[in-house]
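This is what each chain is made of:
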Amino acid sequence: MPYLYVHVVKAKELPGRDVSGSCDPYVEVKLGNYKGVTKHFEKKTSPEWNQVFAFAKERIQASVVEISVKDKDVVVDDLIGRAVFDINEIPKRVPPDSPLAPQWYRLEDRKGEKIKKGELMLAVWMGTQADEAFPHAWHSDAAAIAGDTVAHIRSKVYLSPRLWYVRVNVIEAQDLLPNDKSKAPEVFVKVILGNQALRTKVSPSKSVNPMWNEDLLFVAAEPFEEPIVLTVEDRSGGKEEILGRLLVPLQSVQRRLDNKPVHTRWYNLEKYLVIDGEQKKDIKFASRIHLRICLEGGYHVMDESTHHSSDLRPTARQLWKPPVGILELGILSAHGLIPIKTRDGRGSTDAYCVAKYGQKWVRTRTVLDSFAPRWNEQYTWEVFDVCTVVTIGVFDNGQVPGGGGGKDSRIGKVRIRLSTLESDRVYTHSYPLLVLHPSGVKKMGELQLAVRFTCSLWVNMLYMYSQPLLPKMHYVHPLSVIQLDSLRHQAMQIVSMRLSRAEPPLRREVVEYMLDVDSHMWNMRRSKANFFRIMGVFRGLIAMSNWFHQIRHWKNPLTSVLIHILFFILVIYPELIIPTFFLYLFIVGIWNFRIRPRHPPHMDVKLSHADAVHPDELDEEFDTFPTTKSSDMVRMRYDRLRSIAGRVQTVVGDLATQGERLVFLLSWRDPRATALFVTLCLICAVVFYVTPFQVIALLVGFYVLRHPRFRQKLPSAHLNFFRRLPARSDCML
């Protein structure tokens, strides 16, 4: 996008305008209806501003740019002098050309005559937004923004904090001093790190030397700001009393890269006594606690949904592998955006984009009051794993004047999995921006992106497909699903808090939307969508079953005869079975290459089951946790959930019944059925021993494929036998 740049550096020997022979100068850059102003200086004839102004060329409606130096006054600002440039005479600069050197210009009065004193150092050129001066320049499309608010509309790059898992292994304690020595102590340990608090179970050894040997896991972010606070507490007296306290700074904790054991350490506990309402440390206290504390560098700390992670590397940099390629993302434009807020009695949208991949977050500049914003900004990331996802979100800036000063509203989100991209190909495509509202799904507009993945070394990338998805520690010393879910939630909170403290802040609601904070919450719509996804996976098997059913019932006699011939050949030459199977897969894959996807997939309304969702289900999905609805509404939803769970319970019970019948075949729970089965097994053993396998396979195959004339509609004998077997459902209350 072309821009006209004006770099106002400084002035010298400006003529005085007041009694003291001094002036209060500032510079005004005027181009048509656009006007940019520098700050003014008090009593200074040689000021220095060093400020850049950028005017979008597509909005220029004037033939000259006028740079005026004025003296700030109480009533009317006086003109000291000016410099005028013809737009057609301004030189062009294309990076990587060196920046245009500023020059001194003699100032002119209103008649175009040179004034006796006063010069202004300027640089004026035509460039693009790739110019290094662009990010810090004053923009004509944000002329109404001034002061500290300008920072909220500038483009910015953020880095997520480096996250660590903190493992606290509480082993034992010694020489505790309970307040009530007449009762057996019921001791547990509480560990606090920031906003995270966990506790061990009550020690089974109810003594002053309790043992636990429990692991407690936390998430911490560099730079470490808060220590580990550990308290040993006793609840035997009906209330929890602190027996000792310990502070451990994370900077002193050992870092572990693999599953080698960490050295344990004894720590002295401090006890605080309350004397006259004040806490005082008891120096004579001599209790100890045995701990093993370490920072786990071999794990990947998950701060986003596991289904579309953008980074899978371990925390420790020593374990990182070299990058396999480069991701280039061009955030071009959006069109068809709907009004988000009202300004001056009309709809308005101040849109900006946020892209997240790995630890790097980027935020484009905000285009004010436009339903078709153009950003044309390009960003680059190193790629360490192609099976990752880049996320791009579009938001409305609520921090600009007229924005209400509230939250930044979400406009939509796009996810692109890198493994779906061909190497060295530029994908330029528009993606629909879809957002689910309490009233239903709504298309907010379209986002145009340009994406390219460049592979550095094919061998490394292909080798990566044979490697584990997560670092080694996740498999050597795995964490439970409950632990991972809790730690992921804590990591999200830490990342959103740290980024919201940046300047300018990346607001909390933006980070949470990009990280899918609420993706683990249950709702009816997503449950239905996942059920239909499962049905879609089994659709091929169901289609094959229906095709086989048609073959068995001779719907097409020619096809059934051909299948008989193919079956006969495969039984006679069994060595052809496996090669035929893989050849079939190869042919199907080559055939599908013609209809392969040409663009990365986007959000699918039908797949998400958002096009036919009931309003009450949407209301339930947007409900807070815990709920804020009335008791009647909660009771109705609870009854509905019980009804659905009852059907699921029935299906699970039927599966358990079939499994128990298989187990009871040889358990003599039904002596007659087991006797029949055992006798049949003996007969089958003899028959299979004396008869060639190919003959048996042919007989069984032709029996299964026999003509419907030789069938009966009643269930087969072996199915009737299986259904008559007992199950443990008879023993359930």
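To start, this report covers the structure provided alongside it. (Residues numbered from 1 in each chain as written. Predicted model: local features only at pLDDT ≥ 70, side-chain atom pairs only at ≥ 80, totals over all residues. Heavy atoms only, no water.)

Focus on the sheet that holds strand β15 (residues 228-234)
In step 1: Spatial strand order, β13-β12-β15-β16: four strands in an open sheet with antiparallel pairing. Each of the sheet's edge strands pairs with one partner strand only, and the pair in question is β13 (196-199) and β16 (241-248). Strand-to-strand twist of the sheet, defined as the mean angle between neighbouring strand axes without regard to direction, takes the value 20 degrees.
In step 2: Relative to β15, strand β12 (residues 187-193) runs antiparallel, the two being bridged by six bridges. (Pairing = 2+ DSSP bridges. Helix = DSSP H or I, 4+ residues; strand = E, 2+ residues; numbered from the N terminus. Axes fitted to C-alpha atoms, helices over the stretch in contact; angles between N-to-C directions.)

Quick look at the nonpolar core
In step 1: Counting 64 residues, the largest nonpolar core has Trp361, Ile416, Leu447 and Leu449 as the members making the most contacts within it.
In step 2: Here Ile416 is in contact with Thr388, Val389, Val390, Ile392, Leu421, Tyr431, Leu449, Val451 and Pro600, once residues within four sequence places are set aside. (Core = buried A, V, L, I, M, F, W, Y, C linked by side-chain atoms within 4.5 Å. Buried < 20%, exposed > 50% of the residue type's maximum accessible area, 1.4 Å probe, protein only. Contact = heavy atoms within 4.5 Å.)

Quick notes on the layout of surface pockets
In step 1: Roughly 860 Å³ of internal volume is contained in the second largest pocket.
In step 2: Surrounding the second largest pocket, 36 residues form its lining, Arg313, Pro314, Leu319, Trp320 and Lys321 being those nearest its centre.
In step 3: Sorting the residues of the lining of the second largest pocket by element identifies β27 (374-383), α1 (458-464) and α2 (473-476) as the ones contributing at least two each.
In step 4: Here the lining of the second largest pocket takes three residues from α1, the largest share from any one element.
In step 5: Its residues assigned to classes, the lining of the second largest pocket shows 19 nonpolar, eight polar and nine charged. (1 Å grid on protein atoms, 1.4 Å probe; cavity = no way out; pocket = protein on both sides within 12 Å on 5 of 7 lines; lining within 4 Å. Points joined across faces, edges and corners; volume = space filled by probe spheres on them. Nonpolar A, V, L, I, M, F, W, Y, C, P; charged D, E, K, R; others polar.)

Some points on unusual backbone geometry
In step 1: Residue Pro223 is bonded to the preceding Glu222 through a cis peptide linkage, with omega at -5 degrees.
In step 2: By secondary structure assignment, the location of Pro223 is in the loop between β14 (211-221) and β15.
In step 3: With an omega of 0 degrees, the peptide bond between Glu503 and Pro504 qualifies as cis.
In step 4: Along the chain, Pro504 falls in the loop between α3 (481-500) and α4 (508-515).

Brief notes about helix α7 (residues 557-572)
In step 1: Across its 16 residues, α7 extends 23 Å between first and last C-alpha, which sits within 8% of the 22 Å expected from 1.5 Å per residue.
In step 2: Within α7, the full set of buried residues consists of Ser560, Ile563, His564 and Val571. An end-on view of α7 places all buried positions within 105 degrees of arc, on one side of the element. The exposed residues of α7 that point more than 90 degrees off its buried face are Leu558 and Leu562.
In step 3: Buried residues along α7 sit against α6 (539-552) and α12 (693-704). (Expected span 1.5 Å × (residues − 1). Arc of directions from axis to C-beta.)

So, the packing of aromatic side chains
In step 1: Enumeration over the complete set of coordinates arrives at 13 aromatic pairs.
In step 2: Judged by centre distance (5.7 Å) and plane angle (85 degrees), the ring pair of Phe395 and Tyr513 falls under edge-to-face. Here Tyr513 lies in helix α4 and Phe395 lies in strand β28 (residues 389-396), a separation of 118 residues in the sequence. As far as the burial class goes, Phe395 and Tyr513 line up, both buried.
In step 3: Grouping aromatic residues by their ring pairs yields a cluster made of Tyr3, Tyr5, Trp125 and Phe134.
In step 4: Here Arg313 stacks its cationic end above the ring of Trp320, 4.0 Å away from the centre of that ring.
In step 5: One residue, Lys360, lies across the ring of Trp381, its end atom 5.4 Å from the ring centre. (Phe/Tyr/Trp six-rings, centres within 6.5 Å; stacked < 30°, edge-to-face > 60°. Lys NZ or Arg CZ within 6 Å of the ring centre and 35° of its normal.)

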